[in-house]
Amino acid sequence: MHRVVRDFAAVGTVQGVGFRPFVHRTATALGLDGWVANVDGHVAGTVAGAPGAVEEFAQRIRSAPPPLARVRELRIVEGTATIPERGSGFAVRASRLSPPSGTAPREVAPDAAICSACLEELFDPADRRHRYPFINCTDCGPRSTIIESLPYDRERTTMRHFPLCAACAAEYTNPRERRFHAEPNACPACGPTLSWETSRGEEALRAAARTVGSGGIVAVKGLGGYQLVCDATNDAAVTELRRRKDRPNKPLAVMVRDVDEARRLARIGVMGRAALTSPVRPVVLLEAGPLRLPAGVHPGTDRIGLFLPTSGLHHLLLRAVDRPLVVTSGNRADEPIAIDDAQARRSLGRAADGFLGHDRVVRARYDDSVVQVTGRTVLTLRRARGLAPAPLRLPRPAPAPLLGVGAQLKHTFTLARGDRAHLGTHIGDLTDPATYAAFETAYQDLSALTGIVPGVVAHDLHPGYLSTQWARATGLPLVPVQHHHAHLAACAAEHGLTRPFTGIAYDGLGLGDDGTLWGGEVLIADLNSYRRVGRFATAPLPGGDVAVRHPWRTALGYLHGAEPLGVPGPAQELIRTFTDRLDAGAAGTVRAMIDRRFNSPRASSAGRLFDAVASLLGLVDSVTYEGEAAVVLETAAGRLRPVPLARRVVRVDGLWVYDPQPTLTDLLTRQANGESVASLAAAFHTALAEATAELVGRAVEAGAPRTVCLGGGCFVNRRLLTEVRRLLRAQGLRVLVNTVVPVGDGGISYGQAAVAAAGLAKERG
């Protein structure tokens, strides 16, 4: 019988996802001889057999890989290595460290939540892993949080400290087993063990459950670091957690046992259920249901962040306590989550009443991912555990390895080579020294794992950003990328756009190319360049960053220092309805700063306008986390549909400009006439959406592209996003928004990488 020999190489997310066992099963089922192995960050091997069987082998590898695998490319060439003997069978060989010439960047598999098969075993009294917290298989469990280097084998993970027992070793080497070459494979006899002070195993779990059940707070060592856990139904416990964590208002995530329990706490549609139950197990922001948890869980918003257990440990703890749990990052405000045991006890010692730990080392820090459902769109708000660092495509391949170093808040970085961009995990606010150190460590680790050593660094224009300063200190060639161009390029690149588009970038603040602060922008752009065609009118921010933390200052900036565009602002008697409730001395000082233009930079910011309106309506005058005022304002608006506030769009120096003065005057007038805060909040959202549609409509009339990209943190606002999309689509426009890339500053680094890649490609022809 005629026999062919083929060498093959699979490139993509093919290590740590059960790919070698899958290849082994496929080849064996087709009667093929040969071998497969991890080779650097990829999978390679040789098959020999009947031509039809070899062809079928290739087809199955491409079309039906394991659930967590992503085959970017399958190369099959005529075999040049040693020809397998007929009837020798198929084997999994030891890994090779030297990559074949010309391979793509190595891909690191994200962690995956416990699968249904492992969950069934976890609660099966007859199973030898019954109630074992660290149960996993080739379809689930830790990956990126335990990998030390590639190829992905046990000896290059933190599981190397746990030699396999005879039973686990038998599973590991048996092609018919679900745990065939499952590198984190373990059981109670040979794997990691829970600890609580001097207690171990089940006793440790019971001690932690008793503490939580009695109103205490426990630091739990999860997949990507420590988490702080308390009873979500206990108001006193939630309040105490907020005090100890120094997190007064930002909503807390709640872990529930299953979808049925989630449905009792939130309204869940098809998309929400799919997000909750995916292997990512992200925190999903959902509309709170009729059964309410204490107000302290999600103050100021009708959205509740729910997620299902990610590991066996979480399932066991939830069953033991038998109620929903607050499960939040194991850190104090603005710090990175703790991963080192000793450091966790130092940083969380005052926050936790006890530590439920274990002896498996967390190699890489990963917080929980956060997503939000808006209609049939699932937006990623925080890309972390379960999502990062899986690669994304670049529509214009990078001709040289490069790094997008991100912004300052909600920081991420992106490593790119060719058409692959590896968007790293959420890190946080770089102004915190520990977070800055965490960024440097995460960058070094991901660079080593992917094999991408950048020769070019893309960065934000703002010279004060620590990411910009870090980029300049590298000594590498730099590509400066304007903040809002990066936001829009992130959206365009995710959707594969290479042609020009119209972009709407609404966020808090970003440095414009004219040296002023932007934040409410309409651009015509592609991945190489942009030009501004519309904007919001400017207003001063008295005190700069202080105004961001205290929206009443921003409100005074709009009332007393807004850009003059030909119509008067609110009358003094209307302004007094606001200023009379402020501290007279503080308000007078701020008014003087505005009049003298002292430390009051001007900004054309949609985010700051949201802040001002929230303060004018008496909803919030000071904030404790980014975007709080906008969250409270959106919640107040609810589903009301009142008459929109007045709006005005004018032509100024060649740009279409939204003038908020008529909007604010109408708001204060209707407030004085007794209209409710909720109605006015809703009317503001609609006015802003209509002004946006008019800005874009004017640009399109003048020849702007009919594909519109939305970017910036303001589009986390579901009502704004929904109304803007509806109005633009009514004009016959195509509207795109980020889904897998964060729409806010967490997506900036990916946008920077896309711009830098396109620019380098253009330079090099």
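What counts and what doesn't
- Residues numbered from 1 in each chain as written.
- Predicted model: local features only at pLDDT ≥ 70, side-chain atom pairs only at ≥ 80, totals over all residues.
- Heavy atoms only, no water.
- Salt bridge = Lys/Arg side-chain N within 4 Å of Asp/Glu carboxyl O.
- Helix = DSSP H or I, 4+ residues; strand = E, 2+ residues; numbered from the N terminus.
- Buried < 20%, exposed > 50% of the residue type's maximum accessible area, 1.4 Å probe, protein only.
- Pairing = 2+ DSSP bridges.
- Axes fitted to C-alpha atoms, helices over the stretch in contact; angles between N-to-C directions.
- Contact = heavy atoms within 4.5 Å.
- Parallel < 35°, antiparallel > 145°, perpendicular 65-115°, else oblique.
- Left-handed = near helix turned anticlockwise from the far one by under 90°.
- Nonpolar A, V, L, I, M, F, W, Y, C, P; charged D, E, K, R; others polar.
- 1 Å grid on protein atoms, 1.4 Å probe; cavity = no way out; pocket = protein on both sides within 12 Å on 5 of 7 lines; lining within 4 Å.
- Points joined across faces, edges and corners; volume = space filled by probe spheres on them.
- Polar contact = N/O pair within 3.5 Å; in protein donor to acceptor, adjacent residues only side chain to side chain.

**Student:** Quick rundown of the pattern of salt bridges? Include the residues and the values.
**Tutor:** Counted by the stated rule, this structure contains 45 salt bridges. The closest approach of N and O atoms between R178 and E121, which form a salt bridge, is 3.1 Å. A residue pair is termed long-range when its members are at least 10 positions apart, and R178 in the loop between α4 (166–172) and β6 (194–196) and E121 in helix α3 (residues 116–122) qualify at 57 residues. Residue classification places E121 among the buried residues on the basis of a relative accessible area of 14%. Among the salt bridges present, the one from E287 reaches R639, with a minimum N-O distance of 2.6 Å. Residue E287 is located in strand β12 (residues 283–288), and its partner R639 is located in the loop between α19 (628–637) and β27 (649–652); the two are separated by 352 residues in the primary sequence. For R639, a relative accessible area of 65% puts it in the exposed group. Members of the salt-bridge network, linked through shared partners, are R20, D153, E155, R156 and E183.

**Student:** How would you sum up the sheet that holds strand β18 (residues 391–404)? Please name residues and give values.
**Tutor:** The strands making up a sheet associate through hydrogen bonds between their backbones, and the pairing can be parallel or antiparallel. Strand order in the open sheet formed by four strands is β19-β18-β20-β21, with mixed pairing between adjacent strands. Whereas interior strands pair on both sides, the edge strands pair on one side only; in this sheet they are β19 (414–423) and β21 (478–481). Put simply, the sheet's adjacent strands are angled 60 degrees from each other on average, direction ignored. Pairing of β18 with β19 involves seven bridges; the strand directions are antiparallel. Looking at the pairing, A398 lines up with G418 of β19. Packed on one face of the sheet, helix α11 (residues 433–450) meets β18 and β19 and runs near 150 degrees to β19. Along the sheet, helix α13 (residues 483–494) contacts β18, β20 (456–460) and β21; its crossing angle with β21, the most-contacted strand, is approximately 95 degrees.

**Student:** Tell me about unusual backbone geometry, and please be specific about residues and values.
**Tutor:** The omega torsion of the bond from L150 to P151 falls at 5 degrees, within 30 degrees of zero and hence cis. Look at the link from A388 to P389: it is a cis peptide, with omega at 0 degrees. Summarising the element assignment, P389 is placed in the loop between β17 (377–382) and β18. Phi at H181 is positive, roughly 60 degrees, even though this residue is not glycine. Relative to the helices and strands, H181 resides in the loop between α4 and β6. Phi is positive for R597, close to 55 degrees, though the residue is something other than glycine. Here R597 lies in the loop between α17 (584–596) and β26 (602–605).

**Student:** Could you give an account of the packing of helix α15 (residues 551–561) against α17, with specific residues and numbers?
**Tutor:** Each pair of packed helices gets described by two things: the angle between the helix axes and the distance between those axes. Here α15 crosses α17 at 50 degrees, and the two axes come no closer than 10 Å. Comparing the axis directions of α15 and α17 gives the class oblique. The chirality of how α15 crosses α17 is right-handed. Where α15 abuts α17, its residues W552, R553, L556, G557, H560 and G561 lie against A586, A587, V590, R591, M593 and I594. For the contact of α15 with α17, a count of residues per class yields seven nonpolar, three polar and two charged.

**Student:** Break down the layout of surface pockets for me, with residues and values.
**Tutor:** It is a probe the size of a water molecule, rolled over the atoms, that shows where empty space is left. Volume-wise, the second largest pocket comes out at about 650 Å³. Lining the second largest pocket are 29 residues, and of these R70, V280, G386, L387 and A390 sit closest to its centre. Of all the secondary structure elements, the ones that give two or more residues to the lining of the second largest pocket are β4 (70–78), α8 (270–277), β17 and β18.

**Student:** How would you summarise empty space enclosed by the protein if you had to cite specific residues and measurements?
**Tutor:** Scanning the model with the defined rule gives three cavities of 30 Å³ or more in all. Approximately 140 Å³ is the volume attributed to the largest cavity. Of the residues belonging to the lining of the largest cavity, the class tally is eight nonpolar, seven polar and two charged.

**Student:** Describe the side chain of T13, listing the residues and the values that go with them.
**Tutor:** By the element assignment, T13 lies in strand β1 (residues 4–13). On the basis of relative accessibility, which here comes to 3%, the residue T13 falls in the buried class. Looking at T13, its side chain comes within polar contact range of the side chain of E107, at 2.6 Å. Beyond its immediate stretch of four places on either side in the chain, T13 contacts L68, A69, R70, R72, E107, A109 and P391.

**Student:** So what about the environment of T377? Which residues, and what values?
**Tutor:** Examined against the element boundaries, T377 turns out to sit in strand β17. Taking relative accessible area as the criterion, T377 reaches 14% and is therefore assigned buried. In sequence terms T377 and L541 are 164 residues apart; their C-alpha atoms lie 34 Å from each other. Apart from the residues within four sequence positions on either side, T377 is in contact with Q372, R725, V737 and T739.

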